[in-house]
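Descriptive analysis of the structure
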Amino acid sequence: MSDYLIRTIRAEEWEQCREIRLAALQDPVARIAFLDTYEAAVAKPDSFWQERAEGASGSGTGVRQFVAEAPDGSWAGTITLLVERPSDEVRFGEPAKTDQTHIVGVYVRPEARGAGVIDALFRAGVEWSWTLREPAVERVRLYVHEDNARAAAFYRRFGFVASGDSVAMPGSDGARELEYEFLRTTG
């Protein structure tokens, strides 16, 4: 893992953001891991990716995207966190019960899996969550498809616990997304 630098993206890296997102959407578990499809994402204009990178680069406080950068500059993995307040519009799942962050867009390239990349990305995301103020974030949440056992096993190993809440997977025939949470007192 020491070969990777964990950092937030920069706005001008929109092409790398697009590339890793398209790679993630071609992963064999993409259909149960992401709400987007490769076909829809690849059709989006450059302006979409530019705005997405700008918003996730730290210029605002509502979204932060972290990447694991290899020594050659390539990105081995990514994680994005959305800040959610109880008064905010719901992006996915249930309304926020408290001030929290919501992990989305988790992806590690197959060749980097098992090297600690995902652990480092999650540490960075959770640590960033705890730095937020006015009001302070007390909870980090994510949703995982009920059939995504590999991801659920990692989340539990990292310290997330099932909250008991779930939501229907959009566009599915009754499949559920299970909510997991990591409380400030957990870590």
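It should be noted that the structure appears before, not after, this text.
A brief look at the structure comes next.

Brief notes about the overall build of the protein chain
For the protein chain, the helix and strand inventory stands at 6 helices and 7 strands. For 187 residues, the compact-globule estimate of 2.2 N^0.38 gives 16 Å, and the protein chain sits close to it at 16 Å. C-alpha extents for the protein chain along the principal axes are approximately 40 × 40 × 35 Å. Residues counted as buried form 47% of the 187 residues belonging to the protein chain. Within the protein chain, contacts between residues at least 6 apart in sequence are counted, and of these 64% link residues at least 24 apart. Split by element, the accessible area of the protein chain, about 9400 Å² in all, is 50% carbon and sulfur. Treating the 22 positive side-chain charges of the protein chain as one cloud and the 30 negative ones as another, the clouds have centres 3 Å apart.

Description of the environment of W75
Relative to the helices and strands, W75 resides in strand β3 (residues 75-84). A residue is classified by how much of its surface remains accessible, and W75, at 4% relative accessible area, is buried. W75 sits 76 residues away from A151 along the chain, and the two C-alpha atoms are 20 Å apart. What W75 contacts, discounting residues up to four positions off in sequence, is R7, I9, E13, Q16, C17, I20, V67, A68, E69 and R109.

Section: the pairing of strand β2 (residues 63-69)
Of all the 7 residues making up β2, 7 are buried; the element is thus mostly covered by neighbouring parts of the structure. Burial along β2 is two-sided: the face carrying V63, Q65, V67 and E69 and the face carrying R64, F66 and A68 are both buried. In the sheet, strand β1 (residues 5-8) pairs with β2 via 4 bridges, with the strands oriented antiparallel. Bridging from a neighbouring strand, T8 pairs with F66 of β2. In this sheet, β3 lies alongside β2 in antiparallel orientation, the contact comprising 7 bridges. From the neighbouring strand, A68 faces β3, where its bridge partner is G77.

Some thoughts on helix α6 (residues 149-158)
Within α6 the residues assigned to the buried category are A151, A152, F154, Y155 and F158. Viewed along the axis of α6, the buried residues span an arc of 160 degrees, placing them on a single side of the element. With respect to the buried face of α6, the exposed residues turned more than 90 degrees away are A149, R150 and R157. Buried positions along α6 lie against β4 (100-108), α5 (117-131), β5 (139-145) and β7 (176-183).

Some remarks on the packing of α5 against α6
Relative to each other, α5 and α6 sit at 55 degrees, their axes nearing to 11 Å. Here α6 runs oblique to α5, going by the angle between their axes. Along this stretch, α5 crosses α6, giving a crossing that reads as right-handed. On the side of α5, the interface is formed by I118, D119, F122, R123 and V126, while α6 contributes F154, Y155, R157 and F158.

Considerations on the packing of helix α1 (residues 14-25) against helix α4 (residues 46-56)
With their axes 8 Å apart at the nearest point, α1 and α4 run at an angle of 100 degrees to one another. One way to sum up the angle between α1 and α4 is to call them roughly perpendicular. Of the residues in α4, those in contact with W14, C17, R18 and R21 of α1 are D46, W49, Q50, R52 and A53. Looking at the contact of α1 with α4 residue by residue, the classes come out as 4 nonpolar, 1 polar and 4 charged.

A closer look at the packing of aromatic side chains
Evaluated as defined, the whole model comprises 14 aromatic pairs. Between the aromatic rings of F154 and F158, the centroid separation amounts to 5.8 Å while the plane-to-plane angle is 40 degrees, which identifies the pairing as tilted. Taken as a pair, F154 and F158 lie in helix α6 at a separation of 4 residues, close to a single helical turn. An aromatic cluster is defined as three or more aromatic residues linked by ring pairs; in this entry it consists of F122, W130, F154, Y155, F158, F160, Y180 and F182. The ring of F48 has K44 sitting right over it, with the charged end atom 4.6 Å from the ring centre.

Parameters and conventions
- Residues numbered from 1 in each chain as written.
- Predicted model: local features only at pLDDT ≥ 70, side-chain atom pairs only at ≥ 80, totals over all residues.
- Heavy atoms only, no water.
- Helix = DSSP H or I, 4+ residues; strand = E, 2+ residues; numbered from the N terminus.
- Rg over C-alpha atoms; globule rule 2.2 N^0.38 Å.
- Buried < 20%, exposed > 50% of the residue type's maximum accessible area, 1.4 Å probe, protein only.
- Contact = heavy atoms within 4.5 Å.
- Areas by Shrake-Rupley, 256 points an atom, 1.4 Å probe, with all protein chains shown as cover.
- Lys, Arg positive; Asp, Glu negative; His and termini not counted.
- Charge placed at Lys NZ, Arg CZ, Asp CG, Glu CD.
- Pairing = 2+ DSSP bridges.
- Arc of directions from axis to C-beta.
- Axes fitted to C-alpha atoms, helices over the stretch in contact; angles between N-to-C directions.
- Parallel < 35°, antiparallel > 145°, perpendicular 65-115°, else oblique.
- Left-handed = near helix turned anticlockwise from the far one by under 90°.
- Nonpolar A, V, L, I, M, F, W, Y, C, P; charged D, E, K, R; others polar.
- Phe/Tyr/Trp six-rings, centres within 6.5 Å; stacked < 30°, edge-to-face > 60°.
- Lys NZ or Arg CZ within 6 Å of the ring centre and 35° of its normal.

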